[in-house]
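Understanding the architecture of this molecule
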Amino acid sequence: MKVLEIILAVIFGIGLFFKFNHWPGGNMFITISLTLLAMQYFLLSFIFFNKIKLKNIFKNETYKNIPPAKIIGTIGFGIGLSTLLLGTLYELLHWPGGEINLYTGIILISIIFIISIIKYLKTKSKFYIPIFIRFFIWTLIGIISLNINL
């Protein structure tokens, strides 16, 4: 799933490049990539961030070593990321509701980010590093999309 995430991020970058240059197809690339990324985060965040293989999601023994708080936190982070991505999509394409989605997504993932920082400082677990990276990348893109007019 990490490969899919990278491919969709590259397609999003290509779409932005097309949109900045006013070439046809930019909106299509942006729409497809951000929608699929938002769906991936919304539906599969608990397995994606907890590094669970897709074939093992229905096996009970998969979840024995994962605390419920981590599962709930990753689900919340996935919902926040998907809201942020859809807000970014709406803002870039000038659809209504983009700002409220962006602000809601930023607030949601910021709360989980603060909790993750506290947990990271206590445990020094590498589990939180991918969450921090995605927080900074997608929040920065979301904030930039608030302030840019294409």
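The structure this text deals with has already been given above.
An account of the accompanying structure is given in this report. (Residues numbered from 1 in each chain as written. Predicted model: local features only at pLDDT ≥ 70, side-chain atom pairs only at ≥ 80, totals over all residues. Heavy atoms only, no water.)

**Details of the overall build of the chain**
- From N to C terminus, the chain includes five helices and zero strands.
- Ordered by position in the sequence, the α and β elements of the chain form the string α-α-α-α-α.
- In terms of overall size, the chain behaves like a compact globule, its C-alpha atoms giving a radius of gyration of 16 Å where 150 residues would be expected to give roughly 15 Å.
- Its C-alpha atoms give the chain principal-axis dimensions of roughly 50 × 30 × 25 Å.
- Residues counted as buried form 39% of the 150 residues belonging to the chain.
- Counting contacts in the chain only where the partners sit at least 6 residues apart, residues at least 24 apart contribute 62% of the total.
- About 8,800 Å² of surface is accessible on the chain, with carbon and sulfur atoms providing 72% of the total.
- Taking the average location of the 13 positive side-chain charges in the chain and that of its 4 negative ones, the two points are 16 Å from each other. (Helix = DSSP H or I, 4+ residues; strand = E, 2+ residues; numbered from the N terminus. Rg over C-alpha atoms; globule rule 2.2 N^0.38 Å. Buried < 20%, exposed > 50% of the residue type's maximum accessible area, 1.4 Å probe, protein only. Contact = heavy atoms within 4.5 Å. Areas by Shrake-Rupley, 256 points an atom, 1.4 Å probe, with all protein chains shown as cover. Lys, Arg positive; Asp, Glu negative; His and termini not counted. Charge placed at Lys NZ, Arg CZ, Asp CG, Glu CD.)

**Here's the deal with helix H4 (residues 98-123)**
- Taking 1.5 Å of rise per residue, the 26 residues of H4 would be expected to cover 38 Å, and the 36 Å separating its terminal C-alpha atoms lies within 8% of that figure.
- Turning to H4, its buried residues number three or more, namely Gly98, Leu102, Gly105, Ile106, Ile109, Ile112, Phe113 and Ser116.
- Buried residues along H4 sit in contact with helix H3 (68-92) and helix H5 (129-146).
- Backbone geometry just downstream of H4 places Lys124 in the positive-phi region, at approximately 55°. (Expected span 1.5 Å × (residues − 1).)

**Remarks on the side chain of Ser33**
- Position of Ser33 relative to the elements: it lies in helix H2 (residues 26-49).
- On the basis of relative accessible area, Ser33 is assigned to the buried category, the value being 0%.
- A polar contact is formed between the side chain of Ser33 and the backbone oxygen of Phe29, at a distance of 2.8 Å.
- In this structure Ser33 touches Leu8, Ile11 and Phe12, once residues within four positions along its chain are discounted. (Polar contact = N/O pair within 3.5 Å; in protein donor to acceptor, adjacent residues only side chain to side chain.)

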